[in-house]
Amino acid sequence: MFEWLGCAARPRRSESRAYGWPDMEELKLRSFPPRAAFDAAEARRRAWFSFYLGRKEFSAAARLCVTPLDEARLLAARLASAHDPRLAARRAQLFDEALSARAWRVSEVLCGGGGGGGGGGGAEAARLAAARRAAAEMRAAALEGRLERALALAATEEERAALAALAGRAAAWGGEAHDAAARAIQSAARRGRARALRGLQRQEQAAIKLQRAYRGAFHRRTMAEAMRVVKLQCHVASGEWEKAFETAVSKEERRHVIDAKRAGKDPPCRYCVQSIRECLLSFS
């Protein structure tokens, strides 16, 4: 039974020490990944199983037979090697069971579709194709909500139980629960539309306020600048050079004040100053 692991028989403790093989206690202490070790052993088992089938060593292959697919391959290989009525009856029984359980790969091997030479014939191939079509139609009917048709096409107890549970959920969804859920969805949609409308209204009001504030600030800045220029002209005209320097902002305005002061012009008459002051007051 240890041939598929690479050795003819399990070595004894003394032999393992003599040949340098690891002891079982040492193997327990080693940290091999369990999944990786299982995958490697399973791959080696399948390889040896295929090797024995190719060599027609059916007794050795039978010791490595684990899955229903392995059993189907072994049975098909035996029937291809030599016809036996008992094996043929066993093959027909396994084919019917696999077809009822929707085990398509096993059914293909047993009816000759998997290359095993099971000798199922055209009738079994037609049954397999019809079963595949029925399974596809059942899945489509279940997805579309045609549960009665899906239950009629169900072949296994698991499929019937799943479809019955789906039908129970569909039945529980109808009636008052359905109406209450519909009303809740409609009210939620109305509330959502109302919230969206209020949000748009708030955005429009905020935009209007922002535009008003911007226009008012721009107007105030324009008026303040005009008043500052008039004050500067008034201070220069009246000879108030210190106030003119305080009112000036740019270099050109300061240079203009300095040039006017150097020119030494006499202050204009009181009438002109009074007119400038009246013009200044008109902006305020």
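Scroll up to find the structure.
Owing to the predicted nature of the structure, the values given are computational and were not obtained by experimental measurement. (Residues numbered from 1 in each chain as written. Predicted model: local features only at pLDDT ≥ 70, side-chain atom pairs only at ≥ 80, totals over all residues. Heavy atoms only, no water.)

Caption draft 1: Structural detail: the nonpolar core. Counting residues in hydrophobic clusters, the biggest one holds 17 residues, and the most contacted among them are Leu99, Trp104 and Leu110. Residue assignment for this core shows that the elements contributing at least two residues are helix 5 (68-81), helix 6 (85-100), helix 7 (104-110) and helix 8 (121-144). In terms of residues, this core owes the most to one element, helix 6, which gives five residues. When neighbours within four sequence positions are excluded, Trp104 is seen to be in contact with Leu99, Leu128, Ala131, Arg132 and Ala135. In terms of nonpolar packing, the next biggest core, distinct from the first, is built from nine residues, Phe49, Ala61, Leu74 and Ala77 among them. (Core = buried A, V, L, I, M, F, W, Y, C linked by side-chain atoms within 4.5 Å. Buried < 20%, exposed > 50% of the residue type's maximum accessible area, 1.4 Å probe, protein only. Helix = DSSP H or I, 4+ residues; strand = E, 2+ residues; numbered from the N terminus. Contact = heavy atoms within 4.5 Å.)

Caption draft 2: Focus on the pattern of salt bridges. Going through the model one piece at a time under the given rule, you end up with 15 salt bridges. The partner of Arg46 in a salt bridge is Glu42, with the nearest N and O atoms 3.5 Å apart. Within this pair, Arg46 and its partner Glu42 are both found in helix 3 (residues 34-54), separated by four residues, close to a single helical turn. A salt bridge links Arg149 to Glu137; the shortest N-O distance between them is 2.9 Å. Of the two residues, Arg149 is situated in helix 9 (residues 147-153) and Glu137 in helix 8; the sequence distance between them amounts to 12 residues. (Salt bridge = Lys/Arg side-chain N within 4 Å of Asp/Glu carboxyl O.)

Caption draft 3: Inspection of helix 6 at higher detail. In this model helix 6 runs 23 Å from its N-terminal to its C-terminal C-alpha over 16 residues, within 8% of the 22 Å that 1.5 Å per residue would give. Three or more residues of helix 6 are buried, namely Leu87, Arg91, Leu94, Phe95, Ala98 and Leu99. Looking straight down helix 6, one finds that the buried residues subtend no more than 130° of arc, so they occupy a single side. Facing away from the buried side of helix 6, by more than 90 degrees, are the exposed residues Pro85 and Arg86. Phi for Arg102, located one or two positions after helix 6, is positive at around 60°. (Expected span 1.5 Å × (residues − 1). Arc of directions from axis to C-beta.)

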